[in-house]
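Reading the structure
Residues per chain are reported as follows:
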Amino acid sequence: MLRDLLAEEGLDDVEIDRGTTFHDDLELESIDLVTLAGSLREHYGEKVNVALFVADLELDEIIALTVGQLVDYVTESLRSAS
């Protein structure tokens, strides 16, 4: 899903790992995170609510959000829903 989003932004050849930040490394805007959150919710249903996850973060934490943090959230949400 992230690769699809990045391809739309013309960033389909960028390297991504757990430490990659959405803001500084991928230069994604908040609307891009909303789009990604919608894709995750569409795929996983109500079990994964990125909006709630982000709502609990401070602005500086959102700016520093990494791919790994989001992966951990999704994994934990799915595990908790089982």
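Anyway, here's the lowdown on the structure attached to this text. Numbering of residues starts from 1 in every chain and runs along the sequence as written. Predicted model: local features are reported for residues with pLDDT of at least 70 only, side-chain atom pairs are reported and counted for 80 or more only, and whole-chain, interface and lining totals are derived from all residues. Only hydrogens and water are set aside; all other atoms, that is, all heavy atoms of the structure, feed into the side-chain values.

It is worth spelling out the overall build of the protein at this point. Broken down by element type, the protein carries five helices and zero strands. Strands are runs of DSSP state E lasting at least two residues, helices are runs of H or I lasting at least four, and both sets are numbered from the N terminus onward. Going from the N terminus to the C terminus, the protein shows its helices and strands as α-α-α-α-α. Relative to the 2.2 N^0.38 estimate, which gives 12 Å for 82 residues, the radius of gyration of the protein is 12 Å and therefore close to what a compact globule would have. Overall size of the protein, expressed as C-alpha extent along the three principal axes, is 35 × 25 × 20 Å. Within the protein, the proportion of its 82 residues that are buried is 30%. Of the contacts formed within the protein by residues at least 6 apart in sequence, a portion of 55% connects residues at least 24 apart. Surface accessibility of the protein: about 5400 Å² in total, with carbon and sulfur atoms responsible for 50%. The sign given to each residue is positive for Lys and Arg and negative for Asp and Glu; His and the chain ends receive no count. The atom standing in for a charge is NZ when the residue is Lys, CZ when it is Arg, CG when it is Asp and CD when it is Glu. Side chains of the protein give 5 positive and 20 negative charges; the mean places of these two sets differ by 12 Å. C-alpha atoms define the radius of gyration in this analysis, and the globule rule sets the expected value at 2.2 Å times the number of residues to the power 0.38. Classification of residues uses two cut-offs on accessible area relative to the type maximum, computed with a 1.4 Å probe and protein chains only: under 20% is buried, over 50% is exposed, and between them is partly exposed. Residue contacts are defined here by distance: any two heavy atoms, one from each residue, within 4.5 Å place the two residues in contact. Here the accessible surface of atoms and residues is derived via Shrake-Rupley with a 1.4 Å probe, and residues count as covered only by protein chains that are part of the display.

Another point: a negative patch on the surface. Exposure above 30% relative accessible area and no salt bridge define the residues that can form patches, which grow by joining like charges within 9 Å and nonpolar side chains of Val, Leu, Ile, Met, Phe, Trp and Tyr within 5 Å. Salt bridges are counted wherever a side-chain nitrogen of Lys or Arg sits within 4 Å of a carboxyl oxygen of Asp or Glu. A contiguous patch of negative charge on the surface is contributed by Asp4, Glu8, Glu9, Glu15, Asp17, Asp24, Asp25, Glu27 and Glu29. Its place among the elements puts Glu15 in the loop between helix 1 (2-8) and helix 2 (30-44). Accessibility expressed as a relative area gives 73% for Glu15, which makes it exposed.

Turning to helix 2, a few remarks are in order. In this model helix 2 runs 21 Å from its N-terminal to its C-terminal C-alpha over 15 residues, within 8% of the 21 Å that 1.5 Å per residue would give. Among all positions of helix 2, only Asp32, Leu33, Leu36, Ala37 and Leu40 are buried. All buried residues of helix 2 lie within an arc of 140° about the axis, which places them on one face of the element. Turned more than 90 degrees away from the buried face of helix 2 sit Ile31, Val34 and Glu42, all of them exposed. Here the expected length of a helix is defined as 1.5 Å per residue gap, with one fewer gap than residues. When we speak of the arc, we mean the arc of directions from the helix axis to the C-beta atoms.

In this structure the tally under the stated criterion is three salt bridges. With a shortest N-O distance of 2.4 Å, Arg41 and Glu46 are connected by a salt bridge. Given the relative accessible area of 33%, Arg41 is considered partly exposed. Arg79 serves as the salt-bridge partner of Glu76, at 3.5 Å between the closest nitrogen and oxygen. Here Glu76 pairs with Arg79, and both are found in helix 5 (residues 67-81), just three residues apart, close to one helical turn. Given the relative accessible area of 41%, Glu76 is considered partly exposed.

A separate point is the packing of aromatic side chains. Here a Phe, Tyr or Trp ring, Trp counted by its six-membered ring, pairs with any other such ring whose centre lies within 6.5 Å, and the pair is stacked when the planes are under 30 degrees apart, edge-to-face when over 60, and tilted otherwise. Evaluated as defined, the whole model comprises one aromatic pair. Between Phe53 and Tyr73, the aromatic rings sit 4.5 Å apart at their centres with planes inclined by 15°, giving stacked as the arrangement. Residue Phe53 is found in helix 3 (residues 50-55), and its partner Tyr73 is found in helix 5; the two are separated by 20 residues along the sequence. The exposure class of Phe53 is buried, given its relative accessible area of 18%.

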